[in-house]
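Residue-level structural notes
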Amino acid sequence: MARTRKPRLAVWKFASCDGCQLSLLDCEDELLTVAGAVDIAYFMEATRGKVSGRYDLSLVEGSVTTPHDAERIQDVRKRSRRLVTIGACATAGGIQSLRNFADVAEYASIVYARPDYIQTLATSTAIADHVRVDFELRGCPIAKHQLLEVVGAFLAGRRPVVPPHSVCLECKLRGNVCVMVAHGTPCLGPVTHAGCGALCPAYDRGCYGCFGPMETPNAVSLSGRLGELGMDGRDLTRVYRTFNANAPDFRAEGERHAP
Ligand code: SF4
Ligand code: SF4
């Protein structure tokens, strides 16, 4: 009887800090089960061993910031049956997309002694701006329980169940007192994608949007409230321009208030 081969998993890195790949390695209790269910065919963060060819599921961390990466992602897509992007860099361009609002040549001249050695694009963009993506998992870094759900779902041939609602709903489920209502602390929870379990408000801090925009965020309305709490246009631009600065909803709201 022919043995069925295990699905091949590949994990790719583009411009990123490796934090989302570490979230996979951080699945200490579940890692052996994952490793038993798949053939880890390419995962440089974890092993030098690699299997070339095609992959059943590719997880892609990081954004596209160089001409080489713009070519490499096309090759990754061709070799992947399913491609899932993980984290703020891969889904929205990451913190490095702040270059999109500035002059990248000026940055390079300040940071590098020999900027003429640097080959970089003028922008940092999400993987979905370059190739077809089967699912985007948000977060900076991603939440481990959501990652396991995504990997399990694709191995089972179904859509992942990752709620697209806001951090506010997680706050209510956790029983947090709303920091914005009770203390007037600015909070991006109403427009931010769930996944962290409302971590920051649980410690009396406002959310700063590391999971990126939720589905259908009303950022215009939230900005109105943040303005009442004392934020001016410059503050509002900066609050939307962090890890997910180039996510379309946050980018548009940041631009709307830009001086
Ligand atoms: S603290 Fe923030 S995330 Fe929590 S309910 Fe209030 S506005 Fe929403
Ligand atoms: S910034 Fe917002 S989304 Fe990120 S961990 Fe804090 S509450 Fe969660």
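Everything in this summary refers to the structure shown in the same document. Since this is a predicted model, take the numbers as computed values, not measurements.

Lining the immediate environment of ligand 2, one finds Thr192, Cys196, Cys200, Pro201, Cys207, Tyr208, Gly209, Cys210 and Phe211. Tallied by class, residues from the shell around ligand 2 come to 7 nonpolar, 2 polar and no charged.

The next subject is the sheet that holds strand β5 (residues 135–137). With parallel pairing, the 5 strands of this open sheet are ordered in space as β2-β1-β3-β4-β5. Among the strands making up the open sheet, the edge pair consists of β2 (39–43) and β5. Across this sheet, the average inter-strand angle for adjacent strands is 20 degrees, counted without regard to direction. Pairing between strand β1 (residues 8–13) and β2: 4 bridges, direction parallel. Note that in β2 the partner of alanine 10 across the bridge is tyrosine 42.

Turning to helix α3 (residues 67–78), a few remarks are in order. Helical geometry note: an α-helix holds 3.6 residues per turn, so side chains three or four residues apart project in the same direction. In this model α3 runs 18 Å from its N-terminal to its C-terminal C-alpha over 12 residues, within 8% of the 16 Å that 1.5 Å per residue would give. Here α3 has its buried residues at Asp69, Ile73, Val76 and Arg77. On an axial view of α3, the arc spanned by its buried residues comes to 95 degrees, and they lie on one face. Residues of α3 that are exposed and point more than 90 degrees away from the buried face comprise His68, Glu71 and Lys78. Residues of α3 that are buried in the fold lie against β1, β3 (55–61) and β4 (80–86).

Reading guide: rules and limits
Residues numbered from 1 in each chain as written. Chains lettered and ligands numbered in written order. Predicted model: local features only at pLDDT ≥ 70, side-chain atom pairs only at ≥ 80, totals over all residues. Heavy atoms only, no water. Near = heavy atom within 4 Å. Nonpolar A, V, L, I, M, F, W, Y, C, P; charged D, E, K, R; others polar. Pairing = 2+ DSSP bridges. Helix = DSSP H or I, 4+ residues; strand = E, 2+ residues; numbered from the N terminus. Axes fitted to C-alpha atoms, helices over the stretch in contact; angles between N-to-C directions. Expected span 1.5 Å × (residues − 1). Buried < 20%, exposed > 50% of the residue type's maximum accessible area, 1.4 Å probe, protein only. Arc of directions from axis to C-beta. Contact = heavy atoms within 4.5 Å.

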